[in-house]
Every structure is written in structure tokens, then in C-alpha cells.
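Coordinate analysis (summary)
Below are the chains, spelled out letter by letter.
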Amino acid sequence: MHRGKFVGILQFSCMLPLLLLTTMPATATDATPVGVWLDDSKRIEVKVSACGEFLCGKLVWFKWPDDDQGLPVVDLKNKNWSLRSRPLLGLVVLRNLRATDDNMWKGGEIYNPDDGENYRVKMSIEDDQTLRVRVYDLLPLFGETHIWTRIAENCVGHHNDIKCPE
């Protein structure tokens, strides 16, 4: 009888790690940046999606989509004169981010229509609702981090509504 008790304890101790793995809640490793994000200034919303093996993002909403004449705002500050007439709404501003580690994407560029410049970018996701976007020129050390908040796809342009809490 003493031997049977020992075998039972041994079997239980072998099964315990498997049992714990199947009952543990989902962690941040399940988080993905794919979705719609509101930037920390609350002026733009970017839809991040897969573009082949990379991630890209396009402007799907911004606070002032029209100019003084009621026309769509265009990319006036672009360094390339031939691109200055393209509308900002729908513009791909985030490109070529590739996954490097759990919850980290690097090697991409982000375009800033405010100054017409492209910057290097890396992103990390802390939980499924918070995206850290590090924008820099030469080294990440000298850049700045922006915190983006996930919003539901059906809340694009309505993130202030009661049905779409921030």
C-alpha cells in the first residue's frame, strides 16, 4: 500500500506541469499589433495589418481630414514634390516592421506627414491594448516613445463615443 501511494504521487508530479500549462491564462505573448490604434495625441488612428511577412499601417482616421476649403488634406510637406497631392486618409505611414522576439517588431519606417520625413521605428506590445511605438533617426536611444491604444475596428473615428471606450 505504501508503494501504491508513492506511484500515485509520482504520476501526479509528472502530470502537474502539463496540467498547469493547459490551465494557465493567455499571456502577453498572445498579443498582436494587428488592429486599429489611436495615437497618444488622439489626432490619428492607424490600422496595422500584415503585409506579407512584415507589418504595415495606414491612416484610417485623423482629427482634421479636410482643409479650410473642405477638401481632403493632402501630403503637402512630402520631400517628393510628385507625392504632395496624395490624400493623407488611407496613406500607408508604417511599413516593413518584422517580428524579432515575442511582442517586438523592428526594422521598419514610419512616415510623419507633419514634417514629411521618414523615421526608423520599432514597436513592442505590453498587453493587447497598449502599443509602444519608438520613433528615432539614428539610434533608438535618441528617439521618443509614443503609446498607442487599441480601439475596436467598428470604432474608427468614434473613439470618444460611449460605445467605444478608450
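Here goes a summary of the coordinates provided. (Residues numbered from 1 in each chain as written. Predicted model: local features only at pLDDT ≥ 70, side-chain atom pairs only at ≥ 80, totals over all residues. Heavy atoms only, no water.)

Right, let's talk about the packing of aromatic side chains for a bit. One pair of aromatic rings is described through two measures. These are the centre distance and the angle between the planes. Inspection of every chain in the model, using the stated rule, returns zero aromatic pairs. Taking the ring centre of Trp 81 as reference, the NZ or CZ of Arg 84 above it sits at 4.0 Å. (Phe/Tyr/Trp six-rings, centres within 6.5 Å; stacked < 30°, edge-to-face > 60°. Lys NZ or Arg CZ within 6 Å of the ring centre and 35° of its normal.)

Attention now goes to the sheet that holds strand 7 (residues 130-136). Pairing in this closed barrel of eight strands is antiparallel, and the strands run 1-2-3-4-5-6-7-8 around the ring. Mean inter-strand twist for the sheet, computed between neighbouring axes without regard to direction, equals 35°. Of the strand pairs in this sheet, strand 7 and strand 8 (residues 144-151) are connected by six bridges, and their pairing is antiparallel. The residue bridging Val 135 from the neighbouring strand is Glu 144, located in strand 8. (Pairing = 2+ DSSP bridges. Helix = DSSP H or I, 4+ residues; strand = E, 2+ residues; numbered from the N terminus. Axes fitted to C-alpha atoms, helices over the stretch in contact; angles between N-to-C directions.)

Okay, the state of the cysteines next. Tallying each qualifying case throughout the model produces one disulfide. The residue that forms a disulfide with Cys 51 is Cys 56, at a sulfur-sulfur distance of 1.7 Å. Using a relative accessible area of 33% as the deciding quantity, one classes Cys 51 as partly exposed. (Disulfide = S-S within 2.5 Å. Buried < 20%, exposed > 50% of the residue type's maximum accessible area, 1.4 Å probe, protein only.)

Time to look at the pattern of salt bridges. The full count for this structure, using the stated rule, is five salt bridges. When the shortest N-O distance is used, the salt bridge between Arg 86 and Asp 75 registers 2.9 Å. Here the residue Arg 86 occupies a position in the loop between strand 3 (54-62) and strand 4 (92-101), and Asp 75 occupies one in the loop between strand 3 and strand 4, the gap between them amounting to eleven residues. Overall, Arg 86 belongs to the partly exposed group, its relative accessible area being 26%. (Salt bridge = Lys/Arg side-chain N within 4 Å of Asp/Glu carboxyl O.)

Another aspect to go through is unusual backbone geometry. Positioned with a positive phi, Lys 42 is a non-glycine residue whose angle comes to about 60°. Tracing the chain through its elements places Lys 42 in the loop between strand 1 (35-38) and strand 2 (44-51). Looking at Lys 42, the relative accessible area reads 35%, which means it is partly exposed. Even without a glycine there, the phi angle at Asn 96 is positive, about 65°. By the secondary structure assignment, Asn 96 is in strand 4. A relative accessible area of 39% places Asn 96 in the partly exposed class.

This brings us to the side chain of Asp 39. Structurally, the position occupied by Asp 39 is in the loop between strand 1 and strand 2. Arg 43 provides the closest opposite charge to the buried, salt-bridge-free Asp 39, at an N-O distance of 5.1 Å. A distance of 3.1 Å separates a polar atom in the side chain of Asp 39 from the backbone nitrogen of Arg 43. Sequence-distant contacts of Asp 39, that is, excluding residues within four places in its chain, are made with Ile 44, Ile 147 and Trp 148. (Lys, Arg positive; Asp, Glu negative; His and termini not counted. Polar contact = N/O pair within 3.5 Å; in protein donor to acceptor, adjacent residues only side chain to side chain. Contact = heavy atoms within 4.5 Å.)

For the rest of this paragraph, the subject is the pairing of strand 3. Sheet topology note: the strand 2/strand 3 ladder contains eight bridges and is antiparallel. When the sheet's bridge partners are listed, Cys 51 is paired in strand 3 with Phe 54. Taken together, strand 2 and the strand that follows it, strand 3, pair antiparallel across an intervening segment of two residues, in which Gly 52 is found at a positive phi of about 70°. For strand 3 and strand 4, the ladder comprises three bridges, and the chain directions are antiparallel. In the sheet register, Gly 57 faces strand 4, and the bridge partner there is Leu 94.

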